[in-house]
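Descriptive analysis of the structure
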Amino acid sequence: MIIDAKWAGAAARNNAEWCDAVCRAHGLQGEFGSGAWSSPHRTPPLYPDAVTLTPEVSAAALVALLDTASPGCSVKDSFACLDLEPMGFEVLFEAQWIHREAGGTPGVADLDWEPLKSAESLPAWETAWNDGEESTGLFRPELLSDGTTFLAARSEGRIVAGAIASRGASVVGVSNLFTSADEESAWAGCLAEVARLWPDLPVVGYESGESLDSAVRQGFTPIGPLRVWLHTG
């Protein structure tokens, strides 16, 4: 059930724009249609091949745009209303879109956050985000000039927390939040920096489980469910 169709739609659009930016940085061209964003070619790891933008999109028409012949095809069902099981998909995970009004007061943060200043910092950011695994170049330098801001908090010169902020026309999307310490403190630091950079824009994203609980305690409101489907058939 969609709790707030306006903000759920804005969050879905912002997320689709972020997925499109990642694909373009990898040389892949996605397309925004009337009901969804989609890529006819396999997207980078962890990124969907389609993101629905309205609840009315046709499941069959959407899947027809995708490459289901090679492994890994996935669909972000932004309104948790599609039945993709007959087309060989299964639910990978479920989450909630979240929304936070502009101008809210963040909680207390342990560390100061700031944007990355150069592309040379991206590998270290990705390594920290990926629990110390060496960077694979998932996040390309082109993203830094495509409406995307990588945020980081450091301790003794080392990145220990971070997030990605994607500015859209009416919202800022926050994704990929990570920390080696307290998640609520990380949210507080991230939101303080987002408010400094874009004081007049509300913040959206999606979370699940304990991460959703932490976001809610930092002023977010759940606004509707989403599902991610993975093609397995």
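Everything quoted here is computed from the prediction, not taken from an experiment.

What counts, and at which threshold
- Each chain has its residues counted from 1, running along the sequence as written.
- Note on the predicted model: pLDDT of at least 70 is required for a residue's local features to be given, and 80 or more for side-chain atom pairs to be given and counted; whole-chain, interface and lining totals, by contrast, use all residues.
- In computing side-chain properties, one takes all heavy atoms of the structure into account and sets aside hydrogens as well as water.
- Stacked, tilted and edge-to-face are the three classes assigned to paired rings of Phe, Tyr and Trp, where Trp is represented by its six-membered ring and a pair needs centres within 6.5 Å; plane angles under 30 degrees give stacked, over 60 edge-to-face, the rest tilted.
- Elements are defined by DSSP. Helices are runs of H or I of four residues or more, strands are runs of E of two residues or more, and each kind is numbered from the N terminus.
- Partly exposed describes any residue whose relative accessible area lies between the buried limit of under 20% and the exposed limit of over 50%, with all areas from a 1.4 Å probe on protein chains only and scaled to the type maximum.
- As used in this record, nonpolar core signifies buried Ala, Val, Leu, Ile, Met, Phe, Trp, Tyr and Cys residues forming a set joined through side-chain atoms within 4.5 Å.
- Contacts are assigned to residue pairs with any non-hydrogen atoms lying within 4.5 Å of each other.
- Expected span of a helix: the number of residues minus one, times 1.5 Å.
- Whenever a nitrogen or oxygen atom comes within 3.5 Å of another N or O atom, the pair is scored as a polar contact, on the condition that within protein one atom can donate a hydrogen and the other can accept it, and that pairs from neighbouring residues in sequence are kept only if both atoms are in side chains.
- Here a cavity denotes grid points, spaced 1 Å and computed from the protein atoms alone, that fit a 1.4 Å probe unable to get out, and a pocket denotes an open set having protein on both sides within 12 Å along at least 5 of 7 lines; residues with an atom within 4 Å of a point are the lining.
- Grid points are joined across faces, edges and corners, and a volume is the space filled by probe spheres set on the points.
- Any residue that is not Ala, Val, Leu, Ile, Met, Phe, Trp, Tyr, Cys, Pro, Asp, Glu, Lys or Arg is counted as polar, Gly included; the first ten are nonpolar and the last four charged.
- Strand pairing follows a simple DSSP-based rule, namely that at least 2 bridges must link the two strands.
- Whenever a helix is involved, its axis is fitted only over the stretch in contact; in every case the axis is a line through C-alpha atoms, and angles between N-to-C directions fall within 0 to 180 degrees.
- When the strands point away from the viewer and the path from the first strand over the helix to the second turns clockwise, the crossover is right-handed.
- Any carboxyl oxygen of Asp or Glu that lies within 4 Å of a side-chain nitrogen of Lys or Arg is treated as forming a salt bridge with it.

What follows is about the packing of aromatic side chains. Ring pairs (aromatic) are described by centroid distance and by the angle formed between their planes. Counted under the stated rule, the structure contains eleven aromatic pairs. Judged by centre distance (6.1 Å) and plane angle (70°), the ring pair of Trp 18 and Tyr 47 falls under edge-to-face. On the criterion of sequence distance, the pair formed by Trp 18 in helix α1 (residues 5-25) and Tyr 47 in the loop between β2 (36-38) and β3 (50-52) is long-range, its members being 29 residues apart. Of the residues examined, Trp 18 reaches a relative accessible area of 5% and is grouped as buried. Geometrically, the ring pair formed by Trp 125 and Phe 178 is edge-to-face, given 5.2 Å between the ring centres and 85° between the ring planes. With a gap of 53 residues between them, Trp 125 in helix α3 (residues 122-129) and Phe 178 in strand β9 (residues 172-179) connect regions that are remote in the sequence. Like Trp 125, the residue Phe 178 is buried in the burial classification.

Let us look at the nonpolar core. Counting 24 residues, the largest nonpolar core has Trp 18, Tyr 47, Leu 116, Trp 125, Phe 139, Leu 143 and Phe 150 as its most contacted members. When residues in this core are grouped by element, the largest group, seven residues, is from α1. Apart from the residues within four sequence positions on either side, Trp 125 is in contact with Leu 116, Phe 139, Phe 150, Leu 151, Ala 152, Ile 159, Gly 162, Ala 163, Ile 164, Asn 176 and Phe 178. With 21 residues, the next largest nonpolar core counts Leu 151, Ala 165, Val 172 and Val 174 among its residues.

This brings us to helix α4 (residues 183-197). Its 15 residues give α4 an end-to-end C-alpha distance of 21 Å, which sits within 8% of 21 Å, the value for a rise of 1.5 Å per residue. Among the residues of α4, those classed as buried are Ser 185, Ala 186, Trp 187, Ala 188, Gly 189, Cys 190, Leu 191, Glu 193 and Val 194. Between the side-chain oxygen at the start of α4 and the backbone nitrogen of Glu 184 there is a gap of 3.4 Å, and the oxygen is on Asp 182.

Turning next to empty space enclosed by the protein. What the rule picks out here adds up to one cavity of 30 Å³ or more. Here the largest cavity defines a volume of roughly 60 Å³. Looking at the largest cavity, the residues that line it are Arg 100, Glu 101, Ala 102, Gly 103, Gly 104, Leu 191, Val 194, Ala 195, Trp 198, Pro 199, Leu 201 and Val 203. Here the element with the most residues in the lining of the largest cavity is α4; it accounts for three residues. A breakdown of the residues in the lining of the largest cavity according to their chemical character gives eight nonpolar, two polar and two charged.

On to the sheet that holds β9. One open sheet holds the eleven strands; their spatial order is β1-β2-β3-β4-β11-β5-β10-β9-β8-β7-β6, and the pairing between them is mixed. Each edge of the open sheet carries a strand with a single partner, namely β1 (31-32) and β6 (113-115). Alignment of β2 against β3, held across three bridges, turns out to be antiparallel. Counted as the bridge partner of Trp 37 is Val 51 from β3. Against the sheet, α3 touches β7 (148-155), β8 (158-167) and β9, its axis set at about 100° to β8.

Once that is clear, we can look at the pairing of strand β4 (residues 74-77). Neither face of β4 is exposed, since Ser 74 and Lys 76 on one face and Val 75 and Asp 77 on the opposite face are all buried. Note that β3 and β4 share two bridges and pair parallel. Each bridged residue has a counterpart across the sheet, and for Ala 50 the counterpart in β4 is Val 75. Remark: the β3/helix α2 (residues 59-64)/β4 crossover connection has right-handed handedness.

Two side chains carrying opposite charge are able to pair once their charged atoms lie near each other. Using the criterion set out here, one finds nine salt bridges in the structure. Here Arg 24 ties to Asp 20 by a salt bridge, and the two come within 2.9 Å at their closest N and O atoms. Of this pair, Arg 24 and Asp 20 both sit in helix α1, four residues apart, which is roughly one turn of that helix. One salt bridge connects Arg 217 with Glu 184, and the closest N-O pair in it is separated by 2.5 Å. Taken together, the residues Arg 217 in helix α5 (residues 209-217) and Glu 184 in helix α4 connect sequence positions 33 residues apart. Assessed through its relative accessible area of 23%, Glu 184 is described here as partly exposed. A single network of salt bridges, built from pairs that share partners, joins Arg 42, Asp 49 and Asp 67.

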